[in-house]
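Chain by chain, the residues run as shown.
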Amino acid sequence: MAKLFRAVIMGPPGSGKGTISERIAQRFGLARLSSGDFVRENIAANTDAGVLAKTYIERGLLVPDHVMTRLLLPRLEEMTRHSWLMDGFPRTLAQAKALNSTCDLDLVISLNIPYETLKERLSDRWIHPASGRVYNMGFNPPHVQGRDDISGEPLIQHDDDKPEALVARLRHYKDVAKPIIDLYKSKGILHTFSGTETDRIWPYINSLLSTKIPSTSQTDTQRIPMP
Ligand SMILES: Nc1ncnc2c1ncn2[C@H]1C[C@H](O)[C@@H](COP(=O)(O)OP(=O)(O)OP(=O)(O)O)O1
Ligand SMILES: Nc1nc2c(ncn2[C@@H]2O[C@H](COP(=O)(O)OP(=O)(O)O)[C@@H](O)[C@H]2O)c(=O)[nH]1
């Protein structure tokens, strides 16, 4: 069996984690895992962890570490035969340590994007909640304004993408991400990419990953459904 590959993508809100994860999943055939999607699926399915998570998200808070790890780690343990890329987890040092004890990561991508760029992108971000597909009215607009390309359903904007909420979210990201980044740096698996445009960063990520994983002819993003 080909060697498995496990990676994490980190970056502040709006840095392009979702956009780049999608490209990586398509190009290299990795399963794309998103902690936000897991949380939303658990809320929709009314699982114990989902019911608990909802009480925090409704108040605009992060889900506590013990709930997140209870939700995600068993799922990762089931993926013993998959290569995957995780977006949105770990978000705290405690989560990073818990992940460490479950699997050995091969690579961590950290996106370093200027504040002004994040602000502009997020004010223009539209989301299809059911699938997690993300649009931007300038960068990747939907075919029909306000509608998801595949389902035709309406797109929404998140309240916390507004500039007022962004400053606090970015400050929080910087504080909690630093020790995680230091941890991965010390393990020698951290790769940082800086810039204002995803299309300029992408070739560097693409060539790095090409040296680490064989490409596949797969064209569809693999979204792994909940059991
Ligand atoms: N690792 C985590 N730790 C705690 N809470 C989490 C984690 N991942 C997701 N959540 C919770 C809180 C988030 O507000 C919610 C949705 O997550 P997500 O889809 O990643 O959206 P987001 O808007 O916070 O991220 P971003 O703007 O960076 O794309 O789920
Ligand atoms: N203008 C512009 N928008 C981008 C670029 N890359 C991503 N976006 C958009 O910026 C927003 C944030 O990107 P997203 O992938 O959701 O970032 P995440 O919050 O880190 O997951 C989305 O609306 C994307 O479509 C870029 O290079 N230029």
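Residue positions within a chain follow its written sequence, with the count starting from 1. Chain labels run from A onward and ligand labels from 1 onward, assigned in the order the entries are written. With the structure being a predicted model, the display of local features is reserved for residues of pLDDT at least 70 and the display and counting of side-chain atom pairs for 80 or more, all residues being used for whole-chain, interface and lining totals. In computing side-chain properties, one takes all heavy atoms of the structure into account and sets aside hydrogens as well as water.

Draft legend 1. Looking closely at the UniProt feature "domain: Adenylate kinase active site lid" (unreviewed entry) in the chain. UniProt positions are given in the numbering used here, feature names are shortened, and annotations may be inferred rather than shown by experiment. The UniProt record marks residues 125–160 with the feature "domain: Adenylate kinase active site lid" (unreviewed entry), using the residue numbering of this structure. Note that residues 125–160 is 0% helix and 22% strand, and that its end C-alpha atoms are spaced 11 Å apart. Secondary structure elements follow DSSP: runs of H or I no shorter than four residues count as helices, runs of E no shorter than two count as strands, and numbering proceeds from the N terminus.

Draft legend 2. View of helix H5 (residues 93–102). Listing the buried residues of H5 in full gives Gln-95, Ala-96, Ala-98 and Leu-99. Buried residues in H5, looked at end-on, bunch into an arc of 165°, giving them a common side. Exposed side of H5, more than 90 degrees from the buried face: Lys-97 and Ser-101 are the residues found there. Exposure classes here rest on a 1.4 Å probe applied to the protein chains alone. A residue is buried below 20% of its type maximum, exposed above 50%, and partly exposed in between. By definition, the arc is the one covered by directions from the helix axis to the C-beta atoms.

Draft legend 3. The arrangement of the confidence of the model for the chain in detail. Looking at any residue, its pLDDT shows the predictor's confidence there, from 0 to 100. On average, residues of the chain score 88 in pLDDT, and 93% of them are at 70 or above. The secondary structure element of the chain with the lowest average pLDDT is strand E8 (residues 222–223), at 48, and the one with the highest is strand E7 (residues 190–194), at 98. Taken over the whole predicted complex, pTM reads 0.88, whereas the ipTM for its chain interfaces reads 0.95.

Draft legend 4. Inspection of the site of ligand 1 at higher detail. Summary of the distance rule: residues count as near a molecule or strand when at least one heavy atom falls within 4 Å of that molecule or strand. If you check the shell around ligand 1, you find 15 residues, and the closest are Ser-35, Gly-88, Arg-91, Arg-125 and Arg-169. Any pair of N or O atoms that falls within 3.5 Å is considered a polar contact. Within protein, one atom must be able to donate a hydrogen and the other to accept it, and sequence-neighbouring residues count only if both atoms are side-chain atoms. At a separation of 2.7 Å, a nitrogen atom of ligand 1 approaches a polar side-chain atom of Ser-35. One nitrogen or oxygen atom from the side chain of Gln-95 is found 2.9 Å from a nitrogen atom belonging to ligand 1. Here, Shrake-Rupley sampling with a 1.4 Å probe gives the accessible areas, and only protein chains in the shown set may cover a residue. Across the complex, the protein chains shield 86% of the 600 Å² of accessible surface that ligand 1 would expose by itself.

Draft legend 5. Spotlight on the side chain of Asp-161. The residue Asp-161 is located in the loop between strand E6 (133–136) and helix H7 (163–187) in this model. A polar atom in the side chain of Asp-161 sits 3.1 Å from the side chain of Arg-169. Here, two residues are considered to be in contact whenever any of their heavy atoms come within 4.5 Å of each other. In this structure, Asp-161 is in contact with Leu-122, Ser-123, Arg-125 and Arg-169, ignoring residues within four places of it in sequence.

Draft legend 6. Quick look at the site of ligand 2. Among the 17 residues in the neighbourhood of ligand 2, the closest are listed as Gly-14, Thr-19, Arg-125, Tyr-135 and Thr-198. Interatomic distance of 2.9 Å between a backbone N/O atom of Gly-18 and an oxygen atom of ligand 2. Between ligand 2 and Tyr-135 there is a distance of 2.8 Å, counted from an oxygen atom to a backbone nitrogen or oxygen. Where the shell around ligand 2 is concerned, the elements lending two or more residues are helix H1 (17–28) and E6. In this classification, Asp, Glu, Lys and Arg are treated as charged, Ala, Val, Leu, Ile, Met, Phe, Trp, Tyr, Cys and Pro as nonpolar, and every other residue, Gly included, as polar. In the shell around ligand 2, the residues fall into five nonpolar, eight polar and four charged.

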